[in-house]
Amino acid sequence: MDENGGRLTFKYERQFTINDYDYSKDYHLNISDVSSGYTLKVNGRYVGQIPSSVEASEFDITSLIHGGENRIEMSNVDQPLWSTLASHICLNTHLSENMYILERDNDRLVHFEVEAVCQQDTEQILVTVKIKEVEGLPAITYTLIGLEGEIEAQGNIDLDCPCIIPIDASFEAVDLLDGYTLFLETDYETIAYFLNKRDITIK
C-alpha cells in the first residue's frame, strides 16, 4: 500500500488451490460488494476491471487457471484514501462471502425467456418457456411453485420446442396475484425465475 498525497495504490492478493481441476468444466470468479474499482489479474494475467458501481462481477477465468496453486491479484490506483481503506477493510473482513470460484459444467442453460398469458375464456395462465441458448446438451426440468409454496406443475423441457405450462387461474385471481416461482434445473444448477402479475398479459 503506497500513499501519495492523500491517494494510494492498494494491492490485494489471495492464493487458492484447485485439487480436483477438471478440463471439461468452466471456472468463474465471482466478486461482490467492493466499494472501489479494481483491476483484476489471475496468475499474473489481466482479467478485467471490477467497477465500483455494481453489486457483483463475474469473470470467466477458465483459460487462466490450472490444477494446484493459483493466485488472484486485485489493485486500485489513484483512489481516494478513505475509499481504498474502506475496500481494504471490506475485503479482509468479509472475504469468504465476497469472493468465490464457481465450477460450472459444460452442459448448462445459458439464456432463456419466459412469457405468461392469461386466457380469460379458459381461465388459465399459459406460461411459455423458450430455451434460447445452452452449452453442451443439458437435460432441463421445471418446477412451478404456487403462491403458498405448493407445486403447480413439473416436467421436462425440450430444448428445441417452447414448453407451455398451463395454470388454472381466473382473471380475478391474476389481479390478486403475488407471484409464482419457476425453477429450471439441470444436473448441475438450479435457476429461479419469479413471475408476478406485471409479467402476465391478459387476453
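About the thresholds
- Residues numbered from 1 in each chain as written.
- Predicted model: local features only at pLDDT ≥ 70, side-chain atom pairs only at ≥ 80, totals over all residues.
- Heavy atoms only, no water.
- Phe/Tyr/Trp six-rings, centres within 6.5 Å; stacked < 30°, edge-to-face > 60°.
- Pairing = 2+ DSSP bridges.
- Helix = DSSP H or I, 4+ residues; strand = E, 2+ residues; numbered from the N terminus.
- Axes fitted to C-alpha atoms, helices over the stretch in contact; angles between N-to-C directions.
- Core = buried A, V, L, I, M, F, W, Y, C linked by side-chain atoms within 4.5 Å.
- Buried < 20%, exposed > 50% of the residue type's maximum accessible area, 1.4 Å probe, protein only.
- Contact = heavy atoms within 4.5 Å.

A. Structural context of the packing of aromatic side chains. Scanning the entire structure with this criterion turns up two aromatic pairs. For the ring pair Tyr 21 and Tyr 27, a centre distance of 5.2 Å and an interplane angle of 10 degrees mean the geometry is stacked.

B. Examining the sheet that holds strand β15 (residues 190–195) more closely. Taken in spatial order, the four strands of this open sheet run β12-β11-β14-β15, and their pairing is antiparallel. Each edge of the open sheet is held by one strand with a lone partner, namely β12 (151–157) and β15. Between one strand axis and the next, the sheet turns through 15 degrees on average, direction left out of account. For strand β11 (residues 140–145) and strand β14 (residues 180–185), the ladder comprises five bridges, and the chain directions are antiparallel. Within β14, the residue paired with Ile 145 across the bridge is Thr 181.

C. View of the nonpolar core. If you look at the biggest cluster of nonpolar residues, it comprises 23 residues, and the most contacted ones within it are Ile 125, Val 129, Ile 165 and Leu 184. Going through the elements one at a time, β9 (108–119), β10 (124–135), β11, β12, β13 (163–168) and β14 are the ones with two or more residues in this core. Per-element tally for this core: the top contributor is β9, with five residues. Those residues in contact with Val 129 that sit more than four places away from it in its chain are Glu 113, Val 114, Ile 157, Pro 162, Cys 163, Ile 165, Leu 182 and Leu 184. Grouped together as the second largest cluster of nonpolar side chains are 18 residues, Tyr 27, Leu 29, Leu 40 and Met 74 included.

These figures capture arrangement, not role.
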